[in-house]
Amino acid sequence: MKFRNFKMVDYVVYGRGCFNQLDEIIQPHRKDGKPMVFLIDHFFENKPLVSRIPLRHNDKIIFADVTYEPKTSYVDQLAKSLKDEFGTISGIIGIGGGSAMDLAKAVSLMMTNPGSSADYQGWDLVKNPGVYKAGIPTLSGTGAEVSRTTVLTGPTKKLGMNSDFTPFNQIILDPELTANAPADQRFYTGMDCYIHCIESLQGTYLNEFSKSYGEKALELCQYVFLQKDVWDAECDDKLMMASYAGGMSIAYSQVGVTHAVSYGLSYLLGTKHGLGNCIVMDHLEDYYPKGVAEFKKMVQKNGVNIPQGICKNLTDDQYDKMINVSLGMKPLWENALGKDWEKVMTREKLRALYEKL
Ligand code: NAD
Ligand code: ZN
């Protein structure tokens, strides 16, 4: 048995208002004449947060277009324009949900690695450390702040740049930044965390490390989405830690059926990660009976709408595409269903599942 020796985030600061320490934290990483780049979720354009960005010298703010989940072409374009303008940069600070954070990680890596980010979609293909990178979540749930991947849609696949160079050098966890997220979005992204827990805790890859983080994250999700009647600051505090712990849980195990199926949806239909996971989870009673029952309670309690019938007009060809993408996620299926998963999850069975969504 060979145990994974995984690279983690270098520095973590947590607390309400800790965003104010950003200037001081990044100061030692500034290189003469080279800017810090703040890649900010476009939601914050013209919002008060922008006036709190500690701009110095030739620092640059870029508003990241996260209408679609990050594409390799967008990463390449951002890295190229920064290289053209500055040669190199001191670092990049990603501020936003999972999309903006993933973009920042990927652009950091593409400042120092040749070619296209599509060349590095896979495991341990990245050759050089990127420039300094920090992540500041404004939505809680994906665990992108702690993960060793950055999920990108490329010309032929949706797959992350998984590597030891991918985790952030610094994360700034300030729950105040998530306070104004719309309830639906907060729920979809929060459910990503809940589903990470269910899939990790019921997976065959489970170990005590993952279990410890997964159980804690699950308890925090249950508290905010089932116990509380009104969303308040305590919920933001707790969900931010749930996201972190959920991410740590899957770092040493794997996700499962929901993610494998949802990847197919997002590849073909562009369905966003959190929402796609919810659409799939709603129909997974056969795989996660307890988790699905509780998920449905959370949907009801939070008054959220989960779309139905999104696959109803698809062609055989389109179903095949989704099935191919999904079955390509081998570790996810193996974690969920064991070594003989291919006998359990046949193409026919997966097609029937997609037809229900
Ligand atoms: P997101 O980043 O795609 O953002 C969703 C929407 O919320 C956007 O419209 C955004 O502008 C808006 N938003 C963000 N913060 C806000 C705030 N505070 N107030 C109001 N609106 C706000 O959503 P997400 O669910 O956080 O991230 C999904 C992305 O994360 C996907 O691209 C997915 O592939 C990726 N992901 C990555 C990992 C990883 O380990 N790297 C894990 C899971 C998901
Ligand atoms: Zn996820």
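Thresholds, definitions, all that
- Residues numbered from 1 in each chain as written.
- Chains lettered and ligands numbered in written order.
- Predicted model: local features only at pLDDT ≥ 70, side-chain atom pairs only at ≥ 80, totals over all residues.
- Heavy atoms only, no water.
- Salt bridge = Lys/Arg side-chain N within 4 Å of Asp/Glu carboxyl O.
- Helix = DSSP H or I, 4+ residues; strand = E, 2+ residues; numbered from the N terminus.
- Buried < 20%, exposed > 50% of the residue type's maximum accessible area, 1.4 Å probe, protein only.
- Contact = heavy atoms within 4.5 Å.
- Near = heavy atom within 4 Å.
- Polar contact = N/O pair within 3.5 Å; in protein donor to acceptor, adjacent residues only side chain to side chain.
- Areas by Shrake-Rupley, 256 points an atom, 1.4 Å probe, with all protein chains shown as cover.
- Nonpolar A, V, L, I, M, F, W, Y, C, P; charged D, E, K, R; others polar.
- Domains from an automatic or database assignment.
- Pairing = 2+ DSSP bridges.
- Donors = N, O, S within 2.8 Å, 3.2 Å for Na, K, Ca; no water.
- Tetrahedral: all angles 85-135°; square planar, octahedral: opposite > 155°, others 65-115°.
- Expected span 1.5 Å × (residues − 1).
- Arc of directions from axis to C-beta.

Colleague: Explanation requested: the pattern of salt bridges in the structure shown.
Modeller: Pairing between side chains of opposite charge can happen when their charged atoms approach one another. Counting across every chain of the model gives 22 salt bridges. In this structure, the salt-bridge partner of R351 is D316, at a minimum N-O distance of 3.0 Å. Remark: D316 occurs in helix α10 (residues 316-327) and R351 occurs in helix α13 (residues 347-356); sequence separation between them is 35 residues. Here R351 falls in the partly exposed class, since its relative accessible area comes to 24%. Salt bridges here are not isolated pairs; linked through shared partners, they connect K228, D232, E234 and K238.

Colleague: Just to check I follow, could you spell out the environment of G15 for this structure?
Modeller: Considering the arrangement of structural elements, one finds G15 in the loop between β1 (11-14) and α1 (22-26). Note on G15: relative accessible area 15%, which makes it buried. Among all residues touching G15, those that are not within four sequence positions of it are L173, D174 and P175.

Colleague: Even after reading the chapter, I still don't get the site of ligand 1, so can you show me in this structure?
Modeller: As a structural note, the neighbourhood of ligand 1 is formed by 26 residues, with D41, S99, T138, S147 and T189 the closest of them. The backbone of T149 places a nitrogen or oxygen atom 3.1 Å from a nitrogen atom of ligand 1. Within the side chain of T189, a nitrogen or oxygen atom sits 2.7 Å from an oxygen atom of ligand 1. For ligand 1, whose free accessible area comes to 860 Å², the fraction covered by protein is 91%. Only α3 (98-110) and α4 (183-201) provide two or more residues apiece to the shell around ligand 1. For the shell around ligand 1, the per-class residue count stands at 10 nonpolar, 11 polar and five charged. Lining the shell around ligand 1 are residues from two domains, each supplying at least three of them: domain 1 (11-178) and domain 2 (183-356).

Colleague: Teacher, can you tell me more about the sheet that holds strand β5 (residues 122-123) here?
Modeller: The pairing of strands in a sheet comes from backbone hydrogen bonds and takes either a parallel or an antiparallel form. The three strands lie next to each other as β5-β8-β7, forming an open sheet whose pairing is mixed. Looking at strand neighbours, the two that pair on one side only are β5 and β7 (151-153), the edges of this open sheet. Pairing of β7 with strand β8 (residues 158-162), which is carried by three bridges, proceeds in the antiparallel orientation. Looking at the pairing, T153 lines up with K158 of β8.

Colleague: In this structure, what is going on with the coordination of the zinc ion (ligand 2)? I would like to understand it.
Modeller: Note on metal sites: the ideal angle is 109.5 degrees for four tetrahedral donors, and 90 or 180 degrees for six octahedral donors. Those donors, D192 (OD), H196 (NE2), H259 (NE2) and H273 (NE2), are the protein atoms that reach the zinc ion (ligand 2), and they lie 2.1 to 2.2 Å from it. The coordination sphere of the zinc ion (ligand 2) comprises four donor atoms, whose angles at the metal cover 87 to 168°; the geometry is irregular.

Colleague: Teacher, can you tell me more about helix α2 (residues 72-86) here?
Modeller: Given 3.6 residues per turn, any residue in an α-helix points the same way as the ones three and four places further on. Its 15 residues place the ends of α2 21 Å apart at the C-alpha level, agreeing with the 21 Å of an ideal helix rising 1.5 Å per residue. Those residues of α2 that fall on the buried side of the exposure criterion are T72, Y74, V75, L78, A79, L82 and F86. Looking straight down α2, one finds that the buried residues subtend no more than 170° of arc, so they occupy a single side. Those residues of α2 that are exposed and angled more than 90 degrees off the buried face are Q77, K80 and D84. Looking at the buried side of α2, the elements it contacts are β2 (36-41), β3 (60-64), α3 and β7.

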